[in-house]
2 protein chains.
Amino acid sequence: MKLLNLDHVAVAVENLDDALAGYAQRYGVAPLYRETVESQGVEEAMIAVGGSFVQLLQPLGPETPVGRFLSKNGEGLHHVAFAVSSIEAALEHLAAEGAKLIDTEPRVGGRGARIAFVHPADLGGTLIELVELSDG
Amino acid sequence: MKLLNLDHVAVAVENLDDALAGYAQRYGVAPLYRETVESQGVEEAMIAVGGSFVQLLQPLGPETPVGRFLSKNGEGLHHVAFAVSSIEAALEHLAAEGAKLIDTEPRVGGRGARIAFVHPADLGGTLIELVELSDG
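Heads up: these notes are all about the structure in this document. The shown structure was predicted, so the numbers you read here are calculated from the model rather than taken from an experiment. (Residues numbered from 1 in each chain as written. Chains lettered and ligands numbered in written order. Predicted model: local features only at pLDDT ≥ 70, side-chain atom pairs only at ≥ 80, totals over all residues. Heavy atoms only, no water.)

### Some words on the interface of chain A and chain B
Where the parts come together, the accessible area they lose is often given as the size of the interface. In this assembly, 42 residues from chain A lie in contact with 41 residues from chain B. With both chains or domains summed, chain A and chain B bury close to 3200 Å², and 64% of this area falls on carbon and sulfur atoms. Contact with chain B buries area across many residues of chain A, yet R26, Y27 and L77 of chain A alone supply 25% of it, more than any other trio. Between chain A and chain B we count four salt bridges in total. R26 of chain A serves as the salt-bridge partner of E97 of chain B, at 2.9 Å between the closest nitrogen and oxygen. Mapped onto the side of chain A that touches chain B, the elements with two or more residues apiece are strand 1 (3–12), helix 1 (16–27), strand 4 (52–59), strand 5 (76–84), helix 3 (87–97) and strand 8 (128–132) of chain A. The greatest single-element share of the side of chain A that touches chain B, amounting to seven residues, is contributed by strand 1 of chain A. Per-class residue counts for the side of chain A that touches chain B are 23 nonpolar, 15 polar and four charged. (Contact = heavy atoms within 4.5 Å. Buried area = accessible area lost by both parts, 1.4 Å probe. Salt bridge = Lys/Arg side-chain N within 4 Å of Asp/Glu carboxyl O. Helix = DSSP H or I, 4+ residues; strand = E, 2+ residues; numbered from the N terminus. Nonpolar A, V, L, I, M, F, W, Y, C, P; charged D, E, K, R; others polar.)

### Some words on the environment of G76 of chain A
Structurally, G76 of chain A is set in strand 5. Considered as a pair, G76 of chain A and E14 of chain A are 62 residues apart in the sequence and their alpha carbons are 9.9 Å apart. Filtering out sequence-adjacent residues up to four positions away, G76 of chain A remains in contact with A10, V11, A12 and F69 of chain A together with G124, G125 and T126 of chain B.

### Side note on the relation of the copies chain A and chain B
Its rotation angle being 180 degrees, the transformation that places chain A on chain B also includes 0.0 Å of axial translation and leaves an RMSD of 0.0 Å. This pairing of chains is accounted for by a two-fold axis. Here 98% of the interface residues in chain A have copies in chain B that are interface residues too; the copies meet face to matching face. (Least-squares fit on C-alpha atoms with pLDDT ≥ 70 in both.)

### Here we look at unusual backbone geometry
The phi dihedral of R111 of chain A is positive, around 60 degrees, even though this residue is not glycine. Mapped onto the secondary structure, R111 of chain A falls in the loop between strand 6 (107–108) and strand 7 (114–118).

### Concerning the pairing of strand 1 (residues 3–12) of chain B
Residues and elements named next belong to chain B. Burial runs high along strand 1: nine of the ten residues are buried. Pairing between strand 1 and strand 5 (residues 76–84): eight bridges, direction antiparallel. For V9, the partnering residue across the bridge sits in strand 5 and is V80. The pairing of strand 1 with strand 4 (residues 52–59) spans five bridges and is parallel. Looking across to strand 4, one finds that A12 is bridged to L57. (Buried < 20%, exposed > 50% of the residue type's maximum accessible area, 1.4 Å probe, protein only. Pairing = 2+ DSSP bridges.)

### Description of the packing of helix 3 of chain A against helix 1 (residues 16–27) of chain B
Where helix 3 of chain A meets helix 1 of chain B, the axes come as close as 9 Å, and the angle between the chain directions of the two elements is 130 degrees. As summarised for this structure, helix 3 of chain A and helix 1 of chain B are arranged oblique, according to the angle between their axes. Contact with helix 3 of chain A, carried on its side by H93, L94 and E97 of chain A, involves Q25, R26 and Y27 of chain B of helix 1 of chain B and no other residues of that element. Its residues placed into classes, the contact of helix 3 of chain A with helix 1 of chain B shows two nonpolar, two polar and two charged. (Axes fitted to C-alpha atoms, helices over the stretch in contact; angles between N-to-C directions. Parallel < 35°, antiparallel > 145°, perpendicular 65-115°, else oblique.)

### Observations regarding the pairing of strand 8 (residues 128–132) of chain B
All names here are of chain B. In terms of burial, strand 8 is largely enclosed, as five of its five residues are buried. Alternating positions in strand 8 separate into two faces, I128, L130 and E132 on one and E129 and V131 on the other, with burial throughout. Where strand 5 and strand 8 come together, four bridges link them in parallel fashion. Bridge pairing in strand 8 links A83 to V131. Inspection of the sheet shows strand 7 (residues 114–118) paired to strand 8 by five bridges, in the antiparallel sense.

### Let's talk about the environment of G124 of chain B
Here G124 of chain B is to be found in the loop between strand 7 and strand 8. Those residues in contact with G124 of chain B, other than ones at most four positions away along the chain, are V11, A12, E75 and G76 of chain A.

### Points about the pattern of salt bridges
Applying the stated criterion across every chain, the model contains 18 salt bridges over all chains. Linking R114 of chain B and E88 of chain B is a salt bridge whose minimum nitrogen-to-oxygen distance equals 2.3 Å. Of this pair, R114 of chain B sits in strand 7 while E88 of chain B sits in helix 3 (residues 87–97); the two residues are 26 residues apart in sequence, bridging distant segments of the chain. Residue E88 of chain B is classed as partly exposed on the basis of its relative accessible area, which comes to 39%. Between R107 of chain B and D103 of chain B there is a salt bridge, with the nearest N and O atoms lying 3.0 Å from each other. Because the salt bridges share partners, they merge into one network encompassing D17, R34 and E43 of chain A.

Written as structure tokens, this is what we have:
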């Protein structure tokens, strides 16, 4: 297991346009990417900050993971994502460790990256995403 | 306002030793710094991941901000910190914007950095820390 980077920290928001306007006004930043990821039930925007991103997530509906998060918690920090060189190697290591995985196999997320989530009950109450970037 | 970097994402934990052992086992990472910051009521550890840090925060007692966060929410993501070149300029801009600030003047945090917090009610339900690092 080798973490390459803190790829992004994700924030669940009710309205992506409003959140992006807020980030522009407050912090002078704008998204590099914006896309709908149907498989995750979100529209997402990626704001580059140094070598990492702030990812803003608006759910596509209330019965999505991020929609349920918003209903329960309101807007706020949702997960943190670490870039890894090999997501298979990372998942193999975590499975051998007995980690509580949400995804035992990689799936495709935004930016065409291969991703997998580790359950927040595994460590520090934190939903952790592993990302293998295709240009990595 | 110019964000230089995503300096760190902070996680509130019940027990710093246990959390560090978990990060070591699961992700093969170890802290670069560990220190008690009395003014913030925490013992903190900083784990370098790429050009950013994961900051683990254990409260010094239940009646501290992080202690109250744990009582209410349990362990989990606590705040995100952006590095800025001038914290005075950043706070001046945010005040002019009408942002809801926790700190209107910088104070000293871990690593001797000058820091200030923006209230989660300001944007995206997210507690945001601004950090001006002394090594620039």
